[in-house]
Amino acid sequence: MTLTVEALSVTLGRTPVLQAVTGLRAAPGEVTALIGPNGAGKSTLLKAIAGLVRYHGEIHLETQDLAGLAHAERARRVYYLPQESTTRAALSVFEAVLLARRTTHPARGREDLERVERLLHTLALTPLAERDLGQLSGGQRQRVAIAQAIVREPQVLMLDEPTSALDLHHQLQVLAWLQATAREQSIGVIIAIHDLSLAARFADHLWMLGAGGRVCATGTPREVLSAARLREVYAIHAHVEWPANEPPRVTPLAALNPLGGVEL
Ligand SMILES: Nc1ncnc2c1ncn2[C@@H]1O[C@H](COP(=O)(O)OP(=O)(O)O)[C@@H](O)[C@H]1O
Ligand SMILES: [Mg+2]
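The structure displayed is predicted, hence computed values, not measured ones.

J.: Got a sec to walk through the layout of surface pockets? Specific residues and values, please.
T.: What the largest pocket holds in volume is close to 250 Å³. Lining the largest pocket, in full, are Arg115, Arg118, Leu119, Thr122, Ile150, Val151, Glu153, Trp177, Thr181, Glu184 and Gln185. Considering only residue class, the lining of the largest pocket consists of four nonpolar, three polar and four charged. Of the volumes computed, that of the second largest pocket is approximately 200 Å³. Around the second largest pocket sit 14 residues that line it, and Gln83, Glu84, Ser85, Gly138 and Gln142 are the ones nearest its centre. No other element matches helix α5 (residues 138-151), which puts four residues into the lining of the second largest pocket. Here the residues of the lining of the second largest pocket sort into five nonpolar, five polar and four charged.

J.: Run through empty space enclosed by the protein, naming residues and quoting values.
T.: Applying the stated rule across the entire model yields one cavity of 30 Å³ or more. Roughly 40 Å³ of internal volume is contained in the largest cavity. Forming the walls of the largest cavity are Val31, Ala33, Leu175, Ile191, Ile193, Leu198, Ala199, Phe202 and Ala203. Those elements that provide at least two residues to the lining of the largest cavity are β4 (31-35) and α7 (196-202). For the lining of the largest cavity, the element with the highest residue contribution is α7, accounting for three residues.

J.: So what about the site of ligand 1? Which residues, and what values?
T.: Taken together, the residues surrounding ligand 1 are Leu12, Thr15, Val17, Pro37, Asn38, Gly39, Ala40, Gly41, Lys42, Ser43 and Thr44. Contact between ligand 1 and Ala40: an oxygen atom at 3.3 Å from a main-chain N or O atom of the residue. A distance of 2.9 Å separates an oxygen atom of ligand 1 from a polar atom in the backbone of Gly41. Out of a free accessible area of 570 Å², ligand 1 has 57% covered by protein chains. Contributing elements (two or more residues each) for the shell around ligand 1: β2 (15-21) and α1 (42-50). The element contributing the most residues to the shell around ligand 1 is α1, with three residues. Residue composition of the shell around ligand 1, by class: four nonpolar, six polar and one charged.

J.: Run through unusual backbone geometry, naming residues and quoting values.
T.: The phi torsion at Ala7 lies on the positive side, around 50°, for a residue other than glycine. Of note, Ala7 is situated in strand β1 (residues 3-12). Taking the relative accessible area as the measure of exposure, Ala7 reaches 42% and is therefore partly exposed. Unlike most non-glycine residues, Glu153 shows phi in positive territory, near 50°.

Definitions and cut-offs
Residues numbered from 1 in each chain as written. Chains lettered and ligands numbered in written order. Predicted model: local features only at pLDDT ≥ 70, side-chain atom pairs only at ≥ 80, totals over all residues. Heavy atoms only, no water. 1 Å grid on protein atoms, 1.4 Å probe; cavity = no way out; pocket = protein on both sides within 12 Å on 5 of 7 lines; lining within 4 Å. Points joined across faces, edges and corners; volume = space filled by probe spheres on them. Nonpolar A, V, L, I, M, F, W, Y, C, P; charged D, E, K, R; others polar. Helix = DSSP H or I, 4+ residues; strand = E, 2+ residues; numbered from the N terminus. Near = heavy atom within 4 Å. Polar contact = N/O pair within 3.5 Å; in protein donor to acceptor, adjacent residues only side chain to side chain. Areas by Shrake-Rupley, 256 points an atom, 1.4 Å probe, with all protein chains shown as cover. Buried < 20%, exposed > 50% of the residue type's maximum accessible area, 1.4 Å probe, protein only.

The following block contains the structure:
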């Protein structure tokens, strides 16, 4: 199911955070990376799609206007995993993932248990299955939260900086797995992410937001990422390379001051 966003505006308190954000599209089976500087409005955009903040504008899943859905139905179809998840419930990893499944799907006994087992295995979480959530490291908790999100099988899965607490091994593992999951289950995966090399490598499509909550560019990584655009949107001097037999590389070299010089 293709998600589309047209003429979306969000005001928080008295601050207009997103202003007429338009022309965004996230296709099933694809990974869309949402990029942009701190405070651009990435989290707010994802929350608006999830229906967690008030907005003006049109957010559709195919022909269905999401504003027309009851809250529970919207949450079943479009799931948002926040930047910081604060689950401290006295549950084991296995129980937490099983419980997440039960929030969106009727109980199926053995089938559910096997599904959770497979998922934990895929995310290399099996050794932690019996561990309480409170006894996990930040990165382990982040991987469990991702397992909880995916087990719900939403049509659109939004993850807010899902790799921020992960070591390099687990960043690659989680992003490769999200990409495979998007393809296999034909869901739209949208990830807010700061690492532009990873965004270029794993995303099919980019949404780039700039200061003041405006859309600066959308398209394939090659269409969106260029040294000139990174200078304009992030105020950095960067190399953007597309080597033939290796993943793309975005190397930030220097922060620029407002006059375009290098900051000391
Ligand atoms: N509750 C709020 N009231 C007023 N302004 C807010 C509120 N929450 C966030 N903002 C502002 O909205 C802007 C966008 O925030 P956010 O969506 O979290 O950005 P990002 O995720 O891109 O870093 C920021 O300028 C932030 O200060
Ligand atoms: Mg954010």
